[in-house]
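One letter stands for each residue in the lines below.
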Amino acid sequence: MVSLQNIQSLTDFRHNAKKYVEQLQTTQAPLVLTVNGKAAVVVEAAEAYEAYQARIRELEAEVTALKLQTLKDAVAVGAQQAEQGQFSARSFDEIIAAAQSAVSGQSAS
């Protein structure tokens, strides 16, 4: 969703680009530019963009780590059950599908 707090027309941005660039660098808040009254593009300071990208990479790494831990936990439970003689009547494909669902965060059927 586009924030409606900092909106300007593209025409005004073109006429006052220096002022808006200074504002972007000072506030680090994105600027929504409109064309014919509709949001068309979002402009932001390079530092803010880099910070967003760094945070996205951090979150992706965290999600990957959580998925890996979930898979490791599921394998450990399965190994423990196998050691105790508790075997599943599910096919290999069903087990793989359940593992993929667990890793993706979806409920297994």
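These numbers were taken from a predicted model, which means no experiment stands behind them. (Residues numbered from 1 in each chain as written. Predicted model: local features only at pLDDT ≥ 70, side-chain atom pairs only at ≥ 80, totals over all residues. Heavy atoms only, no water.)

Caption draft 1: Main features of the overall build of the chain. Within the chain, the secondary structure is distributed over 4 helices and 3 strands. Going residue by residue from the N terminus, the α and β elements of the chain occur as β-α-α-β-β-α-α. Here the C-alpha atoms of the chain give a radius of gyration of 25 Å, more than 25% beyond the 13 Å that 2.2 N^0.38 yields for 109 residues. The principal-axis extents of the C-alpha atoms in the chain amount to approximately 75 × 25 × 20 Å. Counting over 109 residues, the chain shows a buried share of 11%. Taking contacts inside the chain between residues at least 6 apart in sequence as the whole, the part at least 24 apart equals 34%. Element-wise, carbon and sulfur atoms account for 56% of the exposed surface of the chain, whose accessible area totals about 8500 Å². (Helix = DSSP H or I, 4+ residues; strand = E, 2+ residues; numbered from the N terminus. Rg over C-alpha atoms; globule rule 2.2 N^0.38 Å. Buried < 20%, exposed > 50% of the residue type's maximum accessible area, 1.4 Å probe, protein only. Contact = heavy atoms within 4.5 Å. Areas by Shrake-Rupley, 256 points an atom, 1.4 Å probe, with all protein chains shown as cover.)

Caption draft 2: Inspection of the packing of aromatic side chains at higher detail. What the rule picks out here adds up to 1 aromatic pair. Over the face of the ring belonging to Tyr20 we find Lys19, whose NZ or CZ atom lies 4.6 Å from the ring centre. (Phe/Tyr/Trp six-rings, centres within 6.5 Å; stacked < 30°, edge-to-face > 60°. Lys NZ or Arg CZ within 6 Å of the ring centre and 35° of its normal.)

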